[in-house]
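# Residue-level structural notes
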2 protein chains.
Amino acid sequence: MRIDSVDFFYLAMPEITMDADGSQDALLVRVQADGVVGWGECEASPLTSIAAFVTPPSHGACLGVADSVIGERLDGPDDIRRIAAAVTRNSMDLLQAPHTFSGIEIALWDLLGVARQEPVWRLLGQTLSLPKTPYASVLFGDDPQTTLERGRSLVARGFRAVKFGWGPFGTGTVEADADQIMAAREGIGPEAALLVDAGQIWDTDVAAAAQRLPALDDASVTWLEEPFHAHAISAYADLARYGARVGLAGGEGAHNVHMAMNLMSYGAIRFIQTDTGRIGGIGSARDVADAARARDIVYVNHTFTSHLALSASLQSFASDVDSTICEYPAEPRALALAITENHLDLDDNGQIAAPDAPGLGMSVDTAALGDYLRDVRIEVDGTEIFRSSPLPVSTTTGATT
Amino acid sequence: MRIDSVDFFYLAMPEITMDADGSQDALLVRVQADGVVGWGECEASPLTSIAAFVTPPSHGACLGVADSVIGERLDGPDDIRRIAAAVTRNSMDLLQAPHTFSGIEIALWDLLGVARQEPVWRLLGQTLSLPKTPYASVLFGDDPQTTLERGRSLVARGFRAVKFGWGPFGTGTVEADADQIMAAREGIGPEAALLVDAGQIWDTDVAAAAQRLPALDDASVTWLEEPFHAHAISAYADLARYGARVGLAGGEGAHNVHMAMNLMSYGAIRFIQTDTGRIGGIGSARDVADAARARDIVYVNHTFTSHLALSASLQSFASDVDSTICEYPAEPRALALAITENHLDLDDNGQIAAPDAPGLGMSVDTAALGDYLRDVRIEVDGTEIFRSSPLPVSTTTGATT
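Just so it is clear, the model here is predicted, and its values are computed rather than measured.

## Overview of the overall build of chain A
In terms of helices and strands, chain A carries 13 helices and 13 strands. Against the 2.2 N^0.38 benchmark of 21 Å for 401 residues, chain A shows a C-alpha radius of gyration of 21 Å, consistent with a compact globule. The dimensions of chain A, computed from C-alpha atoms along their principal axes, are 55 × 45 × 40 Å. Across the 401 residues of chain A, 66% fall into the buried class. Contacts in chain A between residues far apart in sequence, at least 24 positions, make up 74% of those at least 6 positions apart. Looking at chain A as shown, the accessible area adds up to about 13,000 Å², and 49% of this sits on carbon and sulfur atoms. Positive and negative side-chain charges of chain A, numbering 27 and 54 respectively, have mean locations separated by a distance of 4 Å.

Okay, here's the thing in structure tokens:
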């Protein structure tokens, strides 16, 4: 096959709030090759990512992403790797490029899986898609009582693990954070796993993070996620030296495999989390998952948006027996749920798995998305270099056009 | 003062070649506050960087850069630090943001220096602007003879240090690279310092890089720059273990201070190079220079474009006695030279220094740039969110409008 076209659909809720809730907009990607269609999603600023695709070149190591993708051969997984390497090289100086390419790469796998009638996880060499225990990923409430009630309702929905993050956490006193943590534990009960996401709130302030460790241990929190700036590796290592029982987790900010490797090599983390929609796609996430297994670090997906993104994120560690939990967007905005017709609902055991279906196994519901579509037009020197395409009528992932 | 406006001027040569020559286009930034003007430059994809400035928000940690800049107070250096921290936090998930902000930050320093009639290096707490020995930074020739002649002509122009990079280097055999290195040495003679820039050609292949070490040592090369992917820290450390005399250099890809710190902490480099137009601006470059000094690592600027960018890059280590050399774009495209009326020409000792003049001390030559200006228009849902401004008539950096 030959890659004929890449289309971007910038979707957004009518109102964007200042919550740290990434499900308020989406950049959906459709790739077509020889009449076969694949879908992917960037977890990234939509307009900026589109610009990084269509931009005129700056020089030989700063090309728009389109220049390494359109017209390329796509006959197997090696072609996806080859295209990814070309983007890395040709767009070396275009910082946004990995975020743009991530959604394309996901769509390439989906397309290939549909063409071969194989799930992506099998194309990656795995023979099984094991069930994972999803943890409900939500924001802390503005006050402990709201957090408690949120936790209670999630357990009632069948979740056996819950992660609270962002909101007021880390912005006030040590005691206020302890109250939030205890409320979270009380809400979900003693049996469920509790995870806490600090959302980089302490930047590089190891002492501030360390003050929260006793409360995290008292509440038997499994991991403390992203206490620091995504690149502040030595701060992670310094915090780990306090010897708390709570493990450190991070990696969602990684925009290439090396960043995740560095956090594993030098940051003393116990859980590595990558977002398939940012790190360069499913192949890169797979590389990280493989490296994590070899180091006794648990690989976990980062997914806070749609079930298309969720399926993509599950593909790279579907068969990994040591990675038993996965992030699950438990309270996404309506847009995120509207993107796919089908959803990865919890089974009777409260578990989910990467679908045993061609490609990503998800049906993009283009009919439901019209109201969310934002119309983008980019012109350089009077020439239109990007104009949003209308949403296609065909609604099934991987359906031929 | 209050930041009233930020304007971007996307400039480009009529033809963009596939050479790894970043001087083929430019993103010039003008900031205005209370009638005072400052100029800066992003070393980044212009269209993508503009999009990252004006983009609608995705969520509370993925805002366009404009949202953290426009309307902010600017009364002293602490305000620049505060704005930089706000961009880091508010645009955490917008990958391109540091590239966009770098040019703005540089313009903020220029503006502040003009308002106070002080050079930026003095605003940074330095009392001296020491002369530096510029090394001519050029590409390898397509063949050794071209490289030899290029080196000869640069020494004839007064350069006492020359760096060759990219082109065919690393793409062929070990012997071909040795021939290039020897031709470079022959061209510049035995006295001049010789530096080699591999342009990330070996990605993570330590063995391939190691095969070049004997030739580099035979030619008394001072440093081997960017043998690997900008994030491949452990590959740097592994190559350093070969114990060659040639030092390792890197860091131009750093888009925040932490990335440069990680390369220094874990990569066993002897020279840290940052591009002020990418790392977040002059304040970030200054932080890296300070950290380098404390670790006995030599700080060097990365600058391959205009003399506005060159002046900006010199500010952060103007008084550093251990950093005696600086990169100097020796064969830039016409556009890069046209950006400023004045240039940092070599003095009789073959040296340059950060100007002892208000701000960056450079006069932007807007009258010369009209032919290079590219007209950009970005529309979302029928509303124009960016349109290129015409170049202003006022031509002096920091002149009041």
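## Observations concerning the packing of helix H5 (residues 144-156) of chain A against helix H6 (residues 174-188) of chain A
Residues and elements named next belong to chain A. It is at 7 Å that the axes of H5 and H6 come closest, and there the two elements cross at 25°. Judged on the interaxial angle alone, H6 and H5 are roughly parallel. Crossing handedness for the pair H5 and H6: right-handed. Residues Pro144, Thr147, Leu148, Gly151, Arg152 and Val155 of H5 form the contact with H6, whose participating residues are Asp179, Gln180, Ala183, Ala184, Glu186, Gly187 and Ile188. Class assignment for the residues of the contact of H5 with H6 results in six nonpolar, four polar and three charged.

## Observations regarding the environment of Phe228(B)
Position of Phe228(B) relative to the elements: it lies in the loop between strand E7 (221-225) and helix H9 (233-240). With near-sequence residues (within four places) excluded, Phe228(B) lies in contact with Gln200(B), Trp202(B), Asp203(B), Thr204(B), Asp205(B), Val206(B), Ala209(B), Ala235(B), Tyr236(B) and Leu239(B).

## Focus: the relation of the copies chain B and chain A
Superposition of the two copies of the chain requires a rotation about an axis and a shift along the axis. Once chain B is rotated about the relating axis by 180° and shifted along it by 0.0 Å, it coincides with chain A to within an RMSD of 0.0 Å. Taken together, these values place the two copies in the relation of a two-fold axis. Both copies present the same face, since 100% of the interface residues in chain B are matched by interface residues at the equivalent positions in chain A.

## Description of the confidence of the model for chain A
The pLDDT averaged across chain A works out to 96; a share of 98% of its residues lies at or above 70. Reported confidences for the modelled complex are a pTM of 0.97 and an ipTM of 0.96.

## Re the sheet that holds strand E12 (residues 373-374) of chain B
Residues and elements named next belong to chain B. Here we have four strands laid out as an open sheet, ordered E3-E2-E1-E12, and antiparallel in their pairing. The two strands at the open ends of the sheet, each matched to only one other strand, are strand E3 (36-42) and E12. Across the sheet, helix H1 (residues 46-54) lies against strand E1 (3-12) and strand E2 (25-33), angled at about 160° from E1, the strand it touches most.

## Here's the deal with the interface of chain B and chain A
Counting from both sides, the interface comprises 64 residues of chain B and, opposite them, 64 residues of chain A. Taking both partners together, chain B and chain A bury about 5,100 Å²; carbon and sulfur atoms supply 57% of that area. Put simply, chain B and chain A have six salt bridges between them. Between Asp93(A) and Arg278(B) there is a salt bridge whose closest N-O contact spans 3.1 Å. Counting across the interface, chain B meets chain A through 22 residue pairs in polar contact (both at pLDDT 80 or more). Among the elements of the structure, H1, helix H2 (77-90), helix H3 (97-116), H9, helix H10 (257-266), E12 and strand E13 (376-380) of chain B are those that each provide at least two residues to the side of chain B that touches chain A.

## Here we look at the nonpolar core
Soluble globular proteins tend to bury their nonpolar side chains together. Formed by 256 residues in total, the largest nonpolar core has its most connected members in Ile104(A) and Ile104(B). Apart from the residues lying within four places of it in its own chain, the contact partners of Ile104(A) are Val6(A), Phe8(A), Val29(A), Val31(A), Phe53(A), Val65(A) and Val69(A). Counting residues in each nonpolar core, the second largest holds eight residues, with Ala161(B), Leu195(B), Phe271(B) and Val300(B) among its members.

## Concerning the side chain of Thr147(A)
In this structure, Thr147(A) sits in helix H5. The contact partners of Thr147(A), leaving out residues within four places of it in the chain, are Phe140(A), Gly141(A), Phe164(A), Gln180(A) and Ala184(A).

## Thoughts on the packing of aromatic side chains
Residue and element names in this part refer to chain B. Applying the stated criterion to the full structure yields 21 aromatic pairs over all chains. Plain terms: the ring middles of Phe8 and Phe53 are 4.9 Å apart, the flat faces sit at 65° to each other, and that makes the pair edge-to-face. With Phe8 in strand E1 and Phe53 in helix H1, the pair connects residues that are 45 residues apart, well separated along the chain. Judged on exposure class, the residue Phe8 and its partner Phe53 are both buried.

## With respect to the packing of helix H9 (residues 233-240) of chain A against helix H10 (residues 257-266) of chain A
Residue and element names in this part refer to chain A. Contact geometry for H9 and H10: axes closest at 9 Å, N-to-C directions at 30°. Taken together, the axis directions place H9 and H10 in an arrangement best described as roughly parallel. As for the relative orientation of H9 and H10, their crossing is right-handed in sense. Here Ile233, Tyr236 and Ala237 of H9 lie close against H10, whose contacting residues are Asn262, Leu263 and Tyr266. Residues belonging to the contact of H9 with H10 are distributed by class as follows: five nonpolar, one polar and no charged.

## A short note on the pairing of strand E6 (residues 193-197) of chain B
Across a regular strand the side chains alternate sides, sitting on one face of the sheet and then on the other. Residues and elements named next belong to chain B. In terms of burial, E6 is a largely internal element, four of the five residues being buried. Pairing analysis gives five bridges linking strand E5 (residues 161-165) to E6, with the strands arranged parallel. Each residue of the ladder has a partner; that of Ala161, found in E6, is Ala193. Strand direction decides the pairing type here: E6 and E7, joined by four bridges, are parallel. Paired with Leu195 across the bridge in E7 is Trp223.

## Thoughts on the pattern of salt bridges
Think of it this way: side chains of opposite charge can pair up when their charged atoms draw near. Taken as a whole, this structure holds 52 salt bridges over all chains when the rule is applied. With a shortest N-O distance of 3.2 Å, Arg387(A) and Asp375(A) are connected by a salt bridge. Of this pair, Arg387(A) sits in strand E13 (residues 383-387) while Asp375(A) sits in the loop between helix H13 (334-338) and strand E12 (376-380); the two residues are twelve residues apart in sequence, bridging distant segments of the chain. What makes Arg387(A) partly exposed here is its relative accessible area of 40%. For the salt bridge of Glu331(B) with Arg150(B), the shortest nitrogen-to-oxygen distance reads 3.8 Å. Note that Glu331(B) is positioned in the loop between strand E11 (325-329) and helix H13 (334-338) and Arg150(B) in helix H5 (residues 144-156), a separation of 181 residues in sequence. Classification of Arg150(B) as partly exposed rests on a relative accessible area of 23%. Here the salt bridges do not stand alone but share partners, grouping Arg377(A), Glu379(A), Glu384(A), Arg377(B), Glu379(B) and Glu384(B) into one network.

## Some points on helix H12 (residues 307-315) of chain A
All names here are of chain A. Along H12, nine of the nine residues are buried, which leaves the element largely enclosed by surrounding structure. Among all positions of H12, only His307, Leu308, Ala309, Leu310, Ser311, Ala312, Ser313, Leu314 and Gln315 are buried. Here H12 starts with a cap whose side-chain oxygen sits 3.2 Å from the backbone nitrogen of Leu308, and that cap is Ser306.

## Quick look at the sheet that holds strand E1 (residues 3-12) of chain A
Pairing between the strands of a sheet is mediated by backbone hydrogen bonds and can be parallel or antiparallel. Residues and elements named next belong to chain A. Pairing in this open sheet of three strands is antiparallel, and the strands run E1-E2-E3 from one edge to the other. Edge positions in the sheet fall to E1 and strand E3 (36-42), since each has one partner strand and no second. Taking the axes of each pair of neighbouring strands and ignoring which way they run, one obtains an average angle of 20° across the sheet. Two strands pair when backbone bridges link them, and strand E2 (residues 25-33) and E3 are joined in this way by seven bridges, in the antiparallel orientation. What sits directly across from Gln32, in E3, is Val37. Contacts from helix H1 (residues 46-54) reach E1 and E2, with the element oriented near 160° to E1.

What counts and how
Residues numbered from 1 in each chain as written. Chains lettered and ligands numbered in written order. Predicted model: local features only at pLDDT ≥ 70, side-chain atom pairs only at ≥ 80, totals over all residues. Heavy atoms only, no water. Helix = DSSP H or I, 4+ residues; strand = E, 2+ residues; numbered from the N terminus. Rg over C-alpha atoms; globule rule 2.2 N^0.38 Å. Buried < 20%, exposed > 50% of the residue type's maximum accessible area, 1.4 Å probe, protein only. Contact = heavy atoms within 4.5 Å. Areas by Shrake-Rupley, 256 points an atom, 1.4 Å probe, with all protein chains shown as cover. Lys, Arg positive; Asp, Glu negative; His and termini not counted. Charge placed at Lys NZ, Arg CZ, Asp CG, Glu CD. Axes fitted to C-alpha atoms, helices over the stretch in contact; angles between N-to-C directions. Parallel < 35°, antiparallel > 145°, perpendicular 65-115°, else oblique. Left-handed = near helix turned anticlockwise from the far one by under 90°. Nonpolar A, V, L, I, M, F, W, Y, C, P; charged D, E, K, R; others polar. Least-squares fit on C-alpha atoms with pLDDT ≥ 70 in both. pLDDT = per-residue confidence, 0-100. Pairing = 2+ DSSP bridges. Buried area = accessible area lost by both parts, 1.4 Å probe. Salt bridge = Lys/Arg side-chain N within 4 Å of Asp/Glu carboxyl O. Polar contact = N/O pair within 3.5 Å; in protein donor to acceptor, adjacent residues only side chain to side chain. Core = buried A, V, L, I, M, F, W, Y, C linked by side-chain atoms within 4.5 Å. Phe/Tyr/Trp six-rings, centres within 6.5 Å; stacked < 30°, edge-to-face > 60°.

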